[in-house]
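Take a look at the letters that make up each chain.
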Amino acid sequence: LSDASKSQKTHGYCIIGAGPAGIQLGHFLYHGGRDYIIFERNSHAGSFFEKFPRHRQLISLNKRSVRDGRAHDFAFRHDWNSLIDMRENGTVPVTKRSKELFPPAD
């Protein structure tokens, strides 16, 4: 084997891009104890949010409440702006951080 191939490390999972989906998937793999790597072309994770959305408001409405009788799972499925956190006291969902229908991205 060449010196270059001896120094290469392999991973069980490879995530391309550290945007919203890449960050979310990395979070799940980390808490699942998986061996993974995230490749991002920019210098830091989440750089997607520096450019998008262009009008600087989240593009999915902030559905803070659902009709009475609907389960927590139903409301959770409609919260497209929050990352899902595996930690017990993790990230506060956008639905609890902002009352605005289309919260600012900044």
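This text goes with the structure placed above it.
Because the structure is a prediction, the values reported are computed rather than measured. (Residues numbered from 1 in each chain as written. Predicted model: local features only at pLDDT ≥ 70, side-chain atom pairs only at ≥ 80, totals over all residues. Heavy atoms only, no water.)

Re the overall build of the protein chain
Let me state the cut-off plainly: In DSSP terms, a helix is any run of H or I states spanning at least four residues, a strand is any run of E spanning at least two, and both are numbered starting from the N terminus. When a residue's accessible area, from a 1.4 Å probe over protein chains only, is under 20% of the maximum for its type it is buried; when over 50% it is exposed; and in between it is partly exposed. Counting rule for charge: Lys and Arg are taken as positive, Asp and Glu as negative, and neither His nor the chain ends is counted. Note on charges: their place is set at NZ of Lys, CZ of Arg, CG of Asp or CD of Glu.
Looking only at helices and strands, the protein chain has five helices and two strands in total. Secondary structure elements of the protein chain occur, N-terminal to C-terminal, as α-β-α-β-α-α-α. Its C-alpha atoms give the protein chain principal-axis dimensions of about 65 × 30 × 20 Å. Residues counted as buried form 23% of the 106 residues belonging to the protein chain. Across the protein chain, the centroid of the 16 positively charged side chains sits 5 Å from that of the 11 negatively charged ones.

Some thoughts on the side chain of Asp85
The condition that has to hold: Within 3.5 Å is the distance limit for a polar contact, defined as a pair of N or O atoms, with the added protein rule that one can donate a hydrogen and the other accept it, and that residues adjacent in sequence qualify only through two side-chain atoms. Contacts are assigned to residue pairs with any non-hydrogen atoms lying within 4.5 Å of each other.
When you line up the elements, Asp85 lands in the loop between α4 (72–77) and α5 (94–97). Overall, the relative accessible area of 18% leaves Asp85 in the buried class. At a separation of 2.6 Å, a polar atom in the side chain of Asp85 contacts the main-chain amide nitrogen of Thr91. In this structure, Asp85 is in contact with His27, Gly90 and Thr91, ignoring residues within four places of it in sequence.

Considering the environment of Gln24
In this fold, Gln24 is placed in helix α2 (residues 20–31). Taking relative accessible area as the criterion, Gln24 reaches 12% and is therefore assigned buried. A C-alpha to C-alpha distance of 9.8 Å links Gln24 and Ser82, two positions 58 residues apart in sequence. If we ignore the near neighbours within four places in the chain, the residues touching Gln24 are Leu83 and Ile84. Among the polar contacts made by the side chain of Gln24, one reaches the main-chain amide nitrogen of Ile84 at a distance of 2.6 Å.

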